[in-house]
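Secondary and tertiary structure notes
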Amino acid sequence: QLTGIRCQELPGVHPIGDIGIEWSDQLLADAESLCIEDSECLGVMRYIGENEAHCRDWCGRPQFCAMEGGLAGGLTENAAWATYLKV
């Protein structure tokens, strides 16, 4: 887990989770499985910030990282996010 790191998002890709649900180990496992199957996916990120409105929208909805940006161009510092890179 890279705490405080946000990746370049695969736009419009939100196949699991939903608004208003909580993060869980199962949600992470499901997101990582989907990412492993997708050659365009570099990893998964999730919202860990303290803004309640943002958490309602994103705490239970993982976002997927675009392979296109890669490690050099796709990762930025952002304290409100945690990123899990594909291994």
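The present account deals with the structure reproduced in this document. (Residues numbered from 1 in each chain as written. Predicted model: local features only at pLDDT ≥ 70, side-chain atom pairs only at ≥ 80, totals over all residues. Heavy atoms only, no water.)

1. Examining the state of the cysteines
Here a disulfide denotes a covalent bond joining the sulfur atom of one cysteine to the sulfur atom of another. The full count for this structure, using the stated rule, is three disulfides. Here cysteine 7 connects covalently by a disulfide to cysteine 65, the sulfurs 1.9 Å from one another. Across the S-S bond linking cysteine 7 and cysteine 65, the dihedral sits near -80°, which makes this disulfide left-handed. Here the residue cysteine 7 occupies a position in strand S1 (residues 2–7), and cysteine 65 occupies one in strand S3 (residues 63–66), the gap between them amounting to 58 residues. Each member of the pair cysteine 7 and cysteine 65 is classed as buried. The side chain of cysteine 35 participates in a disulfide bridge whose partner is cysteine 41; the two sulfur atoms lie 2.1 Å from each other. Disulfide cysteine 35 to cysteine 41: torsion about the S-S bond roughly -105°, handedness left-handed. Relative accessible area serves as the criterion here: at 2%, cysteine 35 is assigned to the buried category. Among the cysteines of the protein that take part in disulfides, numbered as they appear in the sequence, the pairing is 1-6, 2-3, 4-5. (Disulfide = S-S within 2.5 Å. Helix = DSSP H or I, 4+ residues; strand = E, 2+ residues; numbered from the N terminus. Buried < 20%, exposed > 50% of the residue type's maximum accessible area, 1.4 Å probe, protein only.)

2. Remarks on the pairing of strand S2 (residues 41–47)
The two faces of a sheet get side chains in turn, since along a regular strand they alternate between them. The element S2 is extensively covered by neighbouring structure, given that seven of its seven residues are classed as buried. Bridge analysis of S2 against S3 gives four bridges, and the strand direction is antiparallel. Paired with glycine 43 across the bridge in S3 is cysteine 65. Two elements, S2 and strand S4 (residues 75–85), share five bridges in a ladder whose sense is antiparallel. The partner of valine 44 across the bridge, within S4, is tyrosine 84. (Pairing = 2+ DSSP bridges.)

Geometry only, nothing functional implied.
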